[in-house]
Every structure is written in structure tokens, then in C-alpha cells.
Amino acid sequence: MLPPNRSSVKKDFLTLAELSPQELQFVLRLSAKFKKRRKKMAPASHLRMRTLALLFQKQSTRTRLSFEVAISELGGESITLSMSELQLGRGETPEDTAAVLSRLVHGIIARVNSHEELVRLASASSVPVINGLSDRFHPAQILADLLTLQERKKRLRGLKVAWVGDGNNVCNSWLYGAALSGIDFVVAAPRDYRPLEQAVREAESMTKSTGGTITVLEDPIEAVRDADCVVTDTFVSMGFESDREKRLSVLMPKYTVSEELMSHAKRDAIFEHCMPAHRGEEVTSGVIDGPQSVVLDQAENRLHTAKALLCLVLLGKKAQAIARSL
Ligand code: CP
Ligand code: NVA
């Protein structure tokens, strides 16, 4: 359950480092309960009379749908707006936008080009702000990735997870998720595409209390050796399209997750990818469409983890009572 000192002050979720190891475990437990419960089709009213604004500066399939469905199934309302519909898109400041939204809605989920803009939005908001992906972090994705890993391996602590490829926004949040869970996390990335140094340092310091390890190296075979899970993501994230040719020339084929690369992991290793995927670039179709791939479980788990996250962030300690009731 949640640590006893959890207060009801506004809780943002921008990187994943905001959660304690106990809160992360709680979110995963609550997600699993929501997942089981969904089969019963029982109506829920945990977010009754609560409305969330979903702001998107970039495209989305999974993030938008999982949060909208989660809010709806919890009895709340959502309003999704793209930049072209918001005054933010024609120059209103993030501070004014956040202050106004704080008077109108109970929470904000935002997918933004620049993480700094998200931080400005969160600083000026008196309601919780959830990161729906920024150029630097994608924490909501990692909740689903961890739940999927836990379902398959029945634990997280002591597992070895290998990230192969671009040390991008998803990788940066994985660093925190792995460290909080006591996972041995190894990143294999070319020198120019390593994860954020600050995230690496902070994750390393988190492992002191959780027992995990963080390693960043260049050789994908060394990273994948005896791994329980191999993870990758696109080599060309949204906003980095102009760098596409250079990225593909540096990352392919060395960092493509192929059947050959997977053969260095444990025999029962799983393959994760947040999607959208680019077959023939960061992963072969043999791997992503093969027996080790759990990518559709990850996509489904976005919904169950979104529900648990919303309860934690919006309802604070009441989330414990919800967990007990499920
Ligand atoms: N994985 C993920 O966040 O997908 P979308 O870009 O479709 O939301
Ligand atoms: N790293 C990818 C993730 C997409 C869900 C991107 O930012 O485009």
C-alpha cells in the first residue's frame, strides 16, 4: 500500500522520478486489479464529476485512447484538444493556459514538443499534470511496460532488462522505472544517442535503496546477454525527423533487434516496444511479430495503468480504499 506520509498536495507525473518505489508498486498492483475487474463490466464512479483536459501537440493513438477510455470507465469526463484548437497554439503562454485550466478542470494530460513547456505548465497549474510524452520523457508508457514484464516474469526485482538503440524519451523514463523496481537495466546506445546524463545519474542514486543497477554501454550483444527482456523504440522519434538519415546510418543494422540479437538473451526472454514500430529499422518483423513479443499486452496495459495512475494522482489516499474495494 502507499507510504503513510502520502499527502493530498498536488502530484504531477512528468518523468516517473516523482514516484517512490512503494507508490510505483501500488500503481502496478492497482492496475492489475483494474485489469481483472474490467472483464466484469462493472460501472465505476471513482472520477465522477471530474473532468480532465488532454492537450496534444503531437499525434497519438495509444496515449490518447488509453487515457480517454480510462477516464470514461472511471466515471469521469475528458476533453481532448490539439494545438490548433487551443490559444496555446497561437501564443498564449503555458502559464496563462495552466492557470485558466486549473479553474475549469481537475487534471491536465499533455503531450508536448518541449519538456520545458510541460514544466512551465505544471509549475503554473494548481491541478495535477501528467506527461503524455515529451521530447525527454514518456513515464506513462513505462507503467505499462513494467506491468507487462511483471505479468510475464512474476516479479521485477533482480530481472535484467536491456534497452537497445536510441537513448530517447522512453529510455529516460525506463531508467527511473527500472531503478525504482530494483531491475538491472543496461542501455546499449551509440555515443551520440545515449540517454540523458541527469536521468542516468538520478536512476543510479535511486538504486542504492532498491538494489537495481544501471549500466550504459555501446555493444548491443553485451547488453542483451542473459537479459530477461529486450526493449527498443523507434530510431526517429517525433520531432527528430530532420535527423532521420544520420540516425539510421548510425543505428542500423547494429542496433536493430533481430532474431540473431535476441538469441543472446535468455531463451525465455520477452521483447517489448511501446509502438508505433518500424519493421526493418529498430526491429525485424520476425521479432516483433514473433513468439517473444509482448507488444500488444503493453498497448492494452496502457489502459489499466492509466486508471491506476489517475486514481493515485487525482485521488491521493482514497486510491487505497479503491484498491481494497476491487
Ligand atoms: N506508445 C505510445 O505512446 O503511442 P502513441 O504515440 O500512439 O500514443
Ligand atoms: N520515442 C517515440 C515514442 C512514441 C510513442 C517518440 O517520441 O516519437
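Residues numbered from 1 in each chain as written. Chains lettered and ligands numbered in written order. Predicted model: local features only at pLDDT ≥ 70, side-chain atom pairs only at ≥ 80, totals over all residues. Heavy atoms only, no water.

Colleague: How would you sum up the environment of Ser82? Please name residues and give values.
Modeller: Mapped onto the fold, Ser82 is located in strand S2 (residues 77-82). Distance in space between the C-alpha atoms of Ser82 and Gln57 is 6.0 Å, their sequence separation being 25 residues. Side-chain polar atoms of Ser82 contact the side chain of Ser84, separated by 3.1 Å. (Helix = DSSP H or I, 4+ residues; strand = E, 2+ residues; numbered from the N terminus. Polar contact = N/O pair within 3.5 Å; in protein donor to acceptor, adjacent residues only side chain to side chain.)

Colleague: Could you give an account of the layout of surface pockets, naming the residues involved and the relevant values?
Modeller: Empty space within the largest pocket amounts to approximately 360 Å³. Along the wall of the largest pocket there are 22 residues; nearest its centre are Arg111, Leu133, Met238, Met275 and Pro276. Residue assignment for the lining of the largest pocket shows that the elements contributing at least two residues are helix H2 (62-73) and helix H6 (169-181). Looking at the lining of the largest pocket, its residues break down into seven nonpolar, ten polar and five charged. (1 Å grid on protein atoms, 1.4 Å probe; cavity = no way out; pocket = protein on both sides within 12 Å on 5 of 7 lines; lining within 4 Å. Points joined across faces, edges and corners; volume = space filled by probe spheres on them. Nonpolar A, V, L, I, M, F, W, Y, C, P; charged D, E, K, R; others polar.)

Colleague: Could you give an account of the site of ligand 2, naming the residues involved and the relevant values?
Modeller: For ligand 2, the full set of nearby residues is Leu133, Asn168, Asn169, Asp233, Thr234, Ser237, Met238 and Met275. Within the contact set of ligand 2, a nitrogen atom lies 2.7 Å away from a side-chain nitrogen or oxygen of Ser237. For ligand 2, the accessible surface in isolation is 270 Å², of which the surrounding protein chains cover 94%. Judged by the fraction of its atoms near the pocket grid, ligand 2 is located in the largest pocket. In terms of residue class, the shell around ligand 2 is built from three nonpolar, four polar and one charged. (Near = heavy atom within 4 Å. Areas by Shrake-Rupley, 256 points an atom, 1.4 Å probe, with all protein chains shown as cover. Sits in = over half its atoms within 2 Å of the grid points.)

Colleague: Can you lay out the sheet that holds strand S4 (residues 129-131) for me, pointing to particular residues and giving the numbers?
Modeller: As summarised here, the arrangement of the four strands in space is S2-S1-S3-S4, forming an open sheet in which the pairing is parallel. The open sheet has two free edges, formed respectively by S2 and S4, since each of these has just one partner strand. Direction aside, the axes of adjacent strands within the sheet are offset by 20° on average. As defined by bridge partners, strand S3 (residues 107-111) adjoins S4 across three bridges and the pair is classed as parallel. Directly across from Ala110, in S4, lies its bridge partner Asn131. (Pairing = 2+ DSSP bridges. Axes fitted to C-alpha atoms, helices over the stretch in contact; angles between N-to-C directions.)

Colleague: Explain empty space enclosed by the protein to me, using residue names and the numbers behind them.
Modeller: According to the stated counting rule, one finds one cavity of 30 Å³ or more in the structure shown. Its volume calculated, the largest cavity comes out at about 30 Å³. Forming the walls of the largest cavity are Leu55, Phe56, Gln57, Met83, Leu88, Ala110, Arg111, Val112, Glu117 and Leu121. Going through the elements one at a time, strand S1 (51-56), S3 and helix H4 (115-123) are the ones with two or more residues in the lining of the largest cavity. Broken down by class, the residue content of the lining of the largest cavity amounts to seven nonpolar, one polar and two charged.

Colleague: For the pairing of strand S8 (residues 229-232), give the residues involved together with the corresponding values.
Modeller: Side chains of S8 alternate between two faces, with Cys229 and Val231 and Val230 and Thr232 buried alike. The pairing of strand S5 (residues 160-164) with S8 spans three bridges and is parallel. Looking at S8, one finds that Val161 is bridged to Cys229. Of the pairings in the sheet, the one linking S8 to strand S9 (residues 270-273) comprises four bridges and is parallel in character. Paired with Thr232 across the two strands is His273, which belongs to S9. (Buried < 20%, exposed > 50% of the residue type's maximum accessible area, 1.4 Å probe, protein only.)

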